[in-house]
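# A look at the structure
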Amino acid sequence: MYVKVCIVILALVTMLCECVSALNQNKFVGIRNKLNFVDKTLLIREILKHRIVFISAPKGFGKSTNLEMIGLFLSNRHKKSEIAIHFKETKISDEKEFVKAHLGEYPVIQCDLLAESDFTSFESVLASFKESLHSAFVEHRYLLKSEKIPKEMKTILKQYTNLTDILQANSTEEVVEGLDFLSEILHKHYAKPVVLLVNGFGQAVTENIIQKSEDVTSILNLYSLMIRTTFVNSSTISHVVLSGETWLYGLKGTPLTLIDYAGFLQRPEFSLFYGFTHNEADDLMRRFKVQGDQREEAYKWFGGYSSLDGKVQVFNPTSLLKFLQYKHLKKYWIGSQLGTDLIELMLHELNFKNNFTNLVTNGSYSVKINLEKDMRLVCLENLKNKITQIPEHCGNFFYRVLLEAGYLTFMDNQGKDKKNVALALPNEEIRSYFNRYISKFNVVQWHNESFVNLEQILSKT
């Protein structure tokens, strides 16, 4: 009897330590009481208005922190009093009825598909899926002790909590069915609808399109299978929040129609939550005692991201916070490799290069895209050819990716015609990036041409 009691106590202590550790590692908790905290908590209320939403934003614009904030607020893994401490005196705390109805009320699955390694093949993407799935199951391994879970389901659960078993799984279906299975046993245990939060969703799709990888179709099929298996007709999942850098170009069929897509600064209800608004930037400047000309220069360097309707302007949060720390005007933001690769690829085509040069030298210059063009990317096959052979409509895709990745923004005073949308450079930081890419390309091109000319001269001697 004594041994059994000790085992129970040990299990409870272990679960408590895991909960405390999870709270300490939460990004939202880490910044909540710091001087540079910016309150985005009303996003939680907006999220619950949508069944399945995919939100895209550039690297460093708050996707991971926002998802962890949402997860912390909704999750029933912690005591409500412990959760409430972190949201005290935030904007969402003023919504008394909403807080009462939703704080700490949901079993939450958090899955992070982001990986440090480059996605060069379908196998590497699948391996990332497996590792992310394992982490999600480990967070809920307490379910192995649940009396509400049948023995046969616990056997499967145990396999998913074993990284070796998951990595050795040969069936793609077995991997993508994991989240659906986890939501099912969470629903059995709590008898409550499950919320699914996935970070890095769609990663590797656009990257492999740009790199002209033969694996892009297999990667798209993997995401498509995951969507159909986990989201379609799910009786256990009430809300799904997906976040990533770019849309899943090439997605088609049921998965395409199922997801409510909120592109970066394209939907008014989400524009305020990714990046710092002008009022938020002003408040930060006051806190860090930045005034006068220095403040105005910081706005020129790190602001300028405009929403499609022109009603919201946001700043790059990563760059602005670095500026507030060091008080120097310089390039702080390190965008994703996707943006760099795409710009370098486009520079090989004269029309794109000329457009980039005009964007850098002429502040009123813009490029045009059609936001209503089919997102299934009709030029997918053409990307296997040389850049100069790509049809003109692929420029629409390229500029759209650069918009999502944070290298372009909507020009002010756009009309309502989404078929003719003007894009420009947002600020001096991005202008300096383009200037550097163009200069680097010109130097390499000059060296290559000089080498060819030298070979021709030598061949005649």
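We now turn to the structure provided with this report. Model, not experiment: these values are computed from the prediction.

### Thoughts on helix α11 (residues 178–190)
Over its 13 residues, α11 extends 18 Å from the first C-alpha to the last, a length consistent with the 18 Å expected when each residue adds 1.5 Å. Residues of α11 that are buried include every one of Gly-178, Leu-179, Phe-181, Leu-182, Ser-183, Ile-185, Leu-186 and His-189, and no others. Positive backbone phi, at 55 degrees, marks Ala-191, one or two positions downstream of α11.

### Structural notes on the packing of helix α15 (residues 278–287) against helix α16 (residues 292–302)
Following both chains from N to C, one finds α15 and α16 inclined at 140 degrees, their axes separated by 12 Å at the closest point. Regarding the angle of α15 to α16, the classification is oblique. In terms of crossing hand, the pair formed by α15 and α16 is right-handed. Only Arg-295, Ala-298 and Tyr-299 of α16 make contact with α15, whose side of the interface consists of His-278, Ala-281, Asp-282, Met-285 and Arg-286. Partitioning the contact of α15 with α16 into residue classes produces 4 nonpolar, 1 polar and 3 charged.

### A few points about the pairing of strand β4 (residues 237–244)
Judged by how many residues are buried, β4 sits mostly within the fold: 8 of 8 residues are covered. In this structure, strand β1 (residues 52–56) lies alongside β4, joined through 5 bridges in parallel fashion. Note that in β4 the partner of Ser-56 across the bridge is Gly-244. Direction of pairing for strand β3 (residues 194–199) relative to β4: parallel, over a ladder of 6 bridges. From the neighbouring strand, Leu-197 faces β4, where its bridge partner is Val-241.

### Some remarks on the environment of Lys-192
Here Lys-192 lies in the loop between α11 and β3. The partly exposed category is assigned to Lys-192, whose relative accessible area is 27%. With residues near it in sequence (within four places) discarded, Lys-192 still touches Glu-105, Pro-107 and His-187.

### Regarding the nonpolar core
A general trend in soluble globular proteins is that nonpolar side chains are found buried together. The biggest cluster of nonpolar side chains holds 122 residues, and the ones touching the most others in it are Phe-201, Phe-356 and Tyr-399. Broken down by element, the residue count for this core peaks at 8 residues, all from helix α13 (residues 216–230). Those residues in contact with Tyr-399, other than ones at most four positions away along the chain, are Met-346, Phe-352, Asn-355, Phe-356, Val-367, Ile-369, Leu-408 and Leu-423. By size, the runner-up hydrophobic cluster in this structure holds 15 residues, among which are Val-38, Phe-276, Ala-281 and Tyr-299.

Cut-offs used in this document
Residues numbered from 1 in each chain as written. Predicted model: local features only at pLDDT ≥ 70, side-chain atom pairs only at ≥ 80, totals over all residues. Heavy atoms only, no water. Helix = DSSP H or I, 4+ residues; strand = E, 2+ residues; numbered from the N terminus. Expected span 1.5 Å × (residues − 1). Buried < 20%, exposed > 50% of the residue type's maximum accessible area, 1.4 Å probe, protein only. Axes fitted to C-alpha atoms, helices over the stretch in contact; angles between N-to-C directions. Parallel < 35°, antiparallel > 145°, perpendicular 65-115°, else oblique. Left-handed = near helix turned anticlockwise from the far one by under 90°. Contact = heavy atoms within 4.5 Å. Nonpolar A, V, L, I, M, F, W, Y, C, P; charged D, E, K, R; others polar. Pairing = 2+ DSSP bridges. Core = buried A, V, L, I, M, F, W, Y, C linked by side-chain atoms within 4.5 Å.

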